[in-house]
Amino acid sequence: MKKLVFGIDIGGINTAFGLVDEKGEIFAESVISTKAYPKFSDYPRYINDLAEAMKALMDSVLGVRALRSR
């Protein structure tokens, strides 16, 4: 099984994230709006929404069976 990791870029307008392999090849990528959470006033909702979007992206990539944190 190919090892993939998430890369996350939290910007002022959007939060971009994607699954990449050890060589840096992008397998899937997506984005959520950071502006929807002004000054992170609802930080728990932002984290929850980001986690849900990341899970949806992971589920969409065939062959992704498990995700471990380091």
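Scroll up to find the structure this text is about.
Residues numbered from 1 in each chain as written. Predicted model: local features only at pLDDT ≥ 70, side-chain atom pairs only at ≥ 80, totals over all residues. Heavy atoms only, no water.

**Q** I'd love a proper account of helix α1 (residues 43–60), names of residues and values included.
**A** In this model α1 runs 26 Å from its N-terminal to its C-terminal C-alpha over 18 residues, within 8% of the 26 Å that 1.5 Å per residue would give. Within the span of α1, buried status applies to Y46, L50, A53, M54, L57 and M58. Taken down its axis, α1 places every buried residue within 140° of arc, on the same side. Exposed residues pointing more than 90 degrees away from the buried face of α1 are listed as P44 and E52. Buried positions along α1 lie against β1 (4–10), β2 (14–21) and β3 (26–33). (Helix = DSSP H or I, 4+ residues; strand = E, 2+ residues; numbered from the N terminus. Expected span 1.5 Å × (residues − 1). Buried < 20%, exposed > 50% of the residue type's maximum accessible area, 1.4 Å probe, protein only. Arc of directions from axis to C-beta. Contact = heavy atoms within 4.5 Å.)

**Q** Provide a residue-level description of the pairing of β2, including the pertinent values.
**A** The pairing of β1 with β2 spans seven bridges and is antiparallel. If you follow D9 over to β2, its bridge partner there is A16. Linking β1 to β2, which pair antiparallel, is a turn of three residues. Sheet topology note: the β2/β3 ladder contains seven bridges and is antiparallel. Paired with N14 across the strands is S33, a residue of β3. What sits between β2 and β3 in their antiparallel hairpin is a turn of four residues, with G24 showing a positive phi close to 90°. (Pairing = 2+ DSSP bridges.)

**Q** How would you sum up the side chain of D21? Please name residues and give values.
**A** Here D21 is to be found in strand β2. In terms of polar contacts, D21 uses its side chain to reach the backbone amide nitrogen of K23, at 2.9 Å. Not counting residues within four places of it along the chain, the set of residues in contact with D21 comprises K2, K3, L4 and F27. (Polar contact = N/O pair within 3.5 Å; in protein donor to acceptor, adjacent residues only side chain to side chain.)

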